[in-house]
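# Structural overview for review
As a plain string of letters, each chain reads:
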Amino acid sequence: MAVGCGTKCAKSILISFNMLFWLSGGTLIVLGAWVFLDPAKAHLFHLVSATQAKRDVIYYLAYVLLGIGGSILLIGFLGCCGALHERRCMIGTYVMFLIVLIVGEMGVAVLTFVFREEFLEGLDTRLSSELIEKYGMDIENHYLSNNVANKDFTTSVDFAQYRFNCCGMRNDSDYLETQWWKQSRSKDSRPRNVPLTCCVLANTDVSQTGSPISVVSRSFHGTTEEAWQSPLPKQEQSCQDDNPRVHERLRYKQGCLLELVLWFRRESAVLVATCSSIAGLQLLGIVLSICLCRNIAEDAA
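Residues numbered from 1 in each chain as written. Predicted model: local features only at pLDDT ≥ 70, side-chain atom pairs only at ≥ 80, totals over all residues. Heavy atoms only, no water.

### Concerning the environment of Leu78
Within the secondary structure, Leu78 is located in helix H3 (residues 52–85). Measuring from C-alpha to C-alpha, the distance between Leu78 and Phe97 comes to 9.8 Å, with 19 residues separating the pair along the chain. In this view, Leu78 contacts Met90, Thr93, Tyr94 and Phe97; residues no more than four positions away in its chain are not counted. (Helix = DSSP H or I, 4+ residues; strand = E, 2+ residues; numbered from the N terminus. Contact = heavy atoms within 4.5 Å.)

Next up, the structure:
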């Protein structure tokens, strides 16, 4: 009788565990999908990634997360069926799949941790150089073969400056060395010292960039133009003034590099922590499954 109660308890615990297991699978699916749906991540990943190959690695990881999340939903169903029908064969298969998932999740965690520093290596020098050569050149030089790359870089920098309330890579004086600044001096009657996204803006976003609800809404109904795409400074003339006392409260002075690095570290830390936590949860599932198999064998004996 005691043995039968032990089997029932183990069965109930394993079924309850699979509810958490499904929830963890849904979490990985959301994380993977958010990489593709959230435009904020696309812009910031573009700045962190030196090459297209590195940007592809990020999206490959997102595909892996989607695959693991979907697999968890299917494998959890197998575990529930095995527990309900007390089939040792199904539970054994369930345990094998859990081991494969643990290996996959820990692989993602280790790769993320190892390659994080590689992404950040030389970021300061590279972004400062690209700011000088690429920023604003999609507008000024339509004949350039790399016009699309320049436009993507300009867009990403404008978004980062708006997102982090920063200007340039090290500070706002970075723009005084750029091709954009030099050409604005030769062409514009009222040249700018910094882009408008460096200024304190009067307009605000219609939607909340990066929130789950707004991301889903934009994916179905189209992208709403954000403030950083059409910036309206509170006082543009004062923001562009050469005198620091005049533009002090109307222009962001801090560079974006530190904020960008901190953002990337946070994103990678969340991914590592999530995969490690889910792997730990699955280890618990393996222990519960083994206990259930033992109780089933004792009942049969």
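### Overview of the packing of aromatic side chains
The tally for this structure, following the rule as stated, stands at twelve aromatic pairs. Geometrically, the ring pair formed by Phe36 and Tyr63 is tilted, given 4.9 Å between the ring centres and 50° between the ring planes. Within this pair, whereas Phe36 is found in helix H1 (residues 2–37), its partner Tyr63 is found in helix H3, the two being separated by 27 residues in sequence. Three or more aromatic residues link up through ring pairs in this structure, and these residues are Phe45, Phe119, Trp263 and Phe264. Across from the ring centre of Trp34, 4.9 Å away, lies the NZ or CZ of Lys41, which sits over that ring. (Phe/Tyr/Trp six-rings, centres within 6.5 Å; stacked < 30°, edge-to-face > 60°. Lys NZ or Arg CZ within 6 Å of the ring centre and 35° of its normal.)

### Some thoughts on unusual backbone geometry
In this structure, Asn165 is a non-glycine residue whose phi angle is positive, near 55°. On the secondary structure map, Asn165 appears in the loop between helix H7 (147–164) and helix H8 (179–187). Exposure remark for Asn165: the relative accessible area of 40% places this residue in the partly exposed category. (Buried < 20%, exposed > 50% of the residue type's maximum accessible area, 1.4 Å probe, protein only.)

### Digging into the state of the cysteines
A full pass over the atoms with the stated rule returns three disulfides. Disulfide pairing places Cys166 opposite Cys256 at an S-S distance of 1.9 Å. Between Cys166 and Cys256 the sulfur-sulfur dihedral comes to about 95°; the bridge is accordingly right-handed. Of the two residues, Cys166 sits in the loop between H7 and H8 while Cys256 sits in the loop between helix H11 (244–247) and helix H12 (257–300), which places them 90 residues apart along the sequence. Judged by relative accessible area, Cys256 falls into the buried class, the value being 3%. For Cys199, the disulfide goes to Cys239, at an S-S distance of 1.9 Å. Because the torsion about its S-S bond is -85°, the bridge between Cys199 and Cys239 counts as left-handed. Taken together, the residues Cys199 in the loop between H8 and helix H9 (212–221) and Cys239 in helix H10 (residues 236–239) connect sequence positions 40 residues apart. With respect to class, Cys199 is no different from Cys239; both count as buried. (Disulfide = S-S within 2.5 Å.)

### Considerations on the nonpolar core
Note that soluble globular proteins tend to have their nonpolar side chains buried in a common cluster. The biggest cluster of nonpolar side chains holds 37 residues, and the ones touching the most others in it are Leu127, Val157, Tyr175, Leu260 and Trp263. At the level of secondary structure, the elements contributing two or more residues to this core comprise helix H2 (39–48), H3, helix H4 (88–120), helix H5 (123–134), H7 and H12. Looking at which domains feed residues into this core, each of domain 1 (5–108 + 279–299) and domain 2 (109–137 + 148–202 + 228–278) supplies at least three. For Tyr175, the residues in contact, after removing those within four places along its chain, are Leu131, Tyr135, Val157, Gln161, Cys167, Gly168, Trp180, Trp181, Asn193, Val194, Pro195 and Cys198. Counting residues in each nonpolar core, the second largest holds 30 residues, with Val95, Ile102, Val108 and Ala109 among its members. (Core = buried A, V, L, I, M, F, W, Y, C linked by side-chain atoms within 4.5 Å. Domains from an automatic or database assignment.)

### A short note on the pattern of salt bridges
A complete count under the given rule lists ten salt bridges for this structure. One salt bridge in this structure joins Arg116 and Glu117, with 3.4 Å as the shortest N-O distance. Classification of Glu117 by relative accessible area gives partly exposed; the value is 37%. The residue Glu236 makes a salt bridge to Arg192 at a minimum N-O spacing of 3.6 Å. Residue Glu236 is located in helix H10, and its partner Arg192 is located in the loop between H8 and H9; the two are separated by 44 residues in the primary sequence. Note on Glu236: relative accessible area 34%, which makes it partly exposed. What makes Arg192 partly exposed here is its relative accessible area of 33%. (Salt bridge = Lys/Arg side-chain N within 4 Å of Asp/Glu carboxyl O.)

### Quick look at the confidence of the model for the protein
Per-chain confidence: the protein averages 82 in pLDDT, with 84% of residues scoring 70 or above. This model gives residues 140–144 a pLDDT under 50, and the stretch forms eight contacts once residues within four places in sequence are excluded. (pLDDT = per-residue confidence, 0-100.)

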